[in-house]
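What follows is each chain in one-letter form.
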Amino acid sequence: MQYQSLPNATLQEADIIILPIPYEKTVSGKLGTAGGPKAILEIGDDLEFYEEDAKWSPTKYMKIRVENPVSEYNAITNVIDTLDITDYKKLLISLGGEHSITPQITASVLDKRATILFLDAHADMRESYQGFSYSHATPTHHLLEQGHKIILVGVRSLFESEARRIEEDQNITFFSDRILQRPQAQAELLQQIKELEGDVYLSIDMDVFNPASVPSVGTPQPGGIDWFLALDILETLFRNKNIEIKGTDIVELIPESSHVSQIFAAKLLQKIISFWGKSKGFDKGKMNGSQMQVEYQ
Ligand SMILES: [Mn+2]
């Protein structure tokens, strides 16, 4: 697989590493998240190289690599270990697959207490679900077990015990979907992101968005945040100089025939690449990115 049909950089020279994780085992709603990574990467060909918010062409300056897909659950942590992303010079972006993959990724990339910015329609905090302790309904439980703090954004469906834990657990900051309809709450969320320090991991479940924008996800819910709030969140996050982003993921997308859902995810992926690259100053570096290795007419 490739990003925008660009040649894959070697692991050593890559600035951005995209890891497809088409894992889908515990889905309880609609099936098809295993097709997410391929659909997101393929529809990326329809996007321009120029990214209009940060106002540059990221792939002119950065080299991109798409790794071979990992679909074995128990292999995820080991595979990421072999990528050896120990410094902050490369960004790992994983594409799911179902949301259960996130704690497997953080087990590799986070070596100390970090903040997880978790965008999701669901709290995902069950201790186990339908017989699986590592399920799409349990990732935040495992992330808390790993010792991290979580900022939950866009939640609008939760189990009673999850609601209690959110009230009581000091390691959880909660911005429900309903509260985020207020501009004041949006400003407060952005302020908190601006004040973050230390290591941060970003996890985006595509069901956090309004189903009118992203109709095809494993477990859709009415309501949802919109594209522009997501952009504000990403811009604020990547502009914060007091944090290091240790990895990101985009999960739970199911490809569909209108292509609306996957183009949304593909553009989100492009924004992450662009905003991260700009924050690292690639736009002031050498113009020897993946795009420069291809001749266009
Ligand atoms: Mn989720």
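Our subject is the structure listed above.
Here we summarise the structure given alongside this text. (Residues numbered from 1 in each chain as written. Predicted model: local features only at pLDDT ≥ 70, side-chain atom pairs only at ≥ 80, totals over all residues.)

1. Some details on the overall build of the protein
And then number 1: Looking only at helices and strands, the protein has 9 helices and 8 strands in total.
And then number 2: Over its C-alpha atoms the protein spans a radius of gyration of 18 Å, differing by no more than 12% from the 19 Å that the globule rule assigns to 297 residues.
And then number 3: C-alpha atoms of the protein, sized along the principal axes, occupy 55 × 35 × 35 Å.
And then number 4: With 297 residues in all, the protein has 50% of them scored as buried.
And then number 5: Across the protein, contacts joining residues at least 24 apart in sequence account for 80% of those joining residues at least 6 apart. (Helix = DSSP H or I, 4+ residues; strand = E, 2+ residues; numbered from the N terminus. Rg over C-alpha atoms; globule rule 2.2 N^0.38 Å. Buried ≥ 20, exposed ≤ 12 C-beta atoms within 10 Å, placed from the backbone. Contact = placed C-beta atoms within 7 Å.)

2. Brief notes about the nonpolar core
And then number 1: By size, the foremost hydrophobic cluster in this structure holds 79 residues, and its most contacted members are Ile 16, Ile 18, Leu 117, Met 206, Ile 250, Ala 265 and Leu 269.
And then number 2: Looking at this core, the element that brings in the most residues is helix α9 (residues 260-279), giving 9 residues.
And then number 3: In contact with Ile 250, not counting residues within four places along its chain, are Leu 95, Gly 96, Ile 204, Met 206, Ala 265, Leu 268 and Leu 269. (Core = buried A, V, L, I, M, F, W, Y, C linked by C-beta atoms within 7 Å.)

3. Examining the packing of helix α8 (residues 227-239) against α9
And then number 1: Packing of α8 against α9 brings their axes to within 9 Å, and their N-to-C directions diverge by 25°. Considering their axes alone, α8 and α9 lie roughly parallel with respect to each other. Like other packed secondary-structure pairs, α8 and α9 cross with a definite hand, here right-handed. For the pair α8 and α9, contact is made by Ala 230, Leu 231, Leu 234, Glu 235, Phe 238 and Arg 239 and by Leu 268, Lys 271, Ile 272, Phe 275, Trp 276 and Ser 279, respectively.
And then number 2: Tallied by class, the residues present in the contact of α8 with α9 amount to 8 nonpolar, 1 polar and 3 charged. (Axes fitted to C-alpha atoms, helices over the stretch in contact; angles between N-to-C directions. Parallel < 35°, antiparallel > 145°, perpendicular 65-115°, else oblique. Left-handed = near helix turned anticlockwise from the far one by under 90°. Nonpolar A, V, L, I, M, F, W, Y, C, P; charged D, E, K, R; others polar.)

4. Remarks on the sheet that holds strand β5 (residues 149-155)
And then number 1: The sheet built from 8 strands is open, its strands ordered β2-β1-β3-β8-β7-β4-β5-β6 with parallel pairing. Of all the strands in the sheet, the pair left with one neighbour each is β2 (64-66) and β6 (172-176). Neighbouring strand axes in the sheet, compared pairwise and without regard to direction, differ in orientation by 15° on average.
And then number 2: Two strands pair when backbone bridges link them, and β5 and β6 are joined in this way by 5 bridges, in the parallel orientation. Within β6, the residue paired with Leu 152 across the bridge is Phe 174.
And then number 3: The sheet contacts of helix α4 (residues 102-109) involve β3 (91-96), β7 (198-205) and β8 (243-251), and relative to β8 the element is tilted by about 155°. (Pairing = 2+ DSSP bridges.)

5. Quick look at α9
And then number 1: Relative to the 28 Å expected for 20 residues at 1.5 Å per residue, α9 spans 29 Å between its end C-alpha atoms, a close match to the ideal helical length.
And then number 2: Phi turns positive one or two residues past the end of α9, at Gly 281, with a value near 80°. (Expected span 1.5 Å × (residues − 1).)

6. Structural notes on the environment of Arg 178
And then number 1: Mapping Arg 178 onto the fold places it in the loop between β6 and α7 (183-194).
And then number 2: What makes Arg 178 exposed here is the crowd of 12 C-beta atoms within 10 Å.
And then number 3: Separated by 81 residues in sequence, Arg 178 and Gly 97 have C-alpha atoms that sit 27 Å apart.

7. Remarks on unusual backbone geometry
And then number 1: Here the bond from Gly 96 into Gly 97 is cis, since omega is 15°, no more than 30 degrees from zero.
And then number 2: Here Gly 97 shows up in the loop between β3 and α4.
And then number 3: Unusually for a residue other than glycine, Gln 4 sits at a positive phi of about 50°.
And then number 4: Examined against the element boundaries, Gln 4 turns out to sit in the segment before β1 (16-21).
And then number 5: With phi around 70°, His 259 is a residue other than glycine that occupies positive phi space.
And then number 6: Examined against the element boundaries, His 259 turns out to sit in the loop between β8 and α9.

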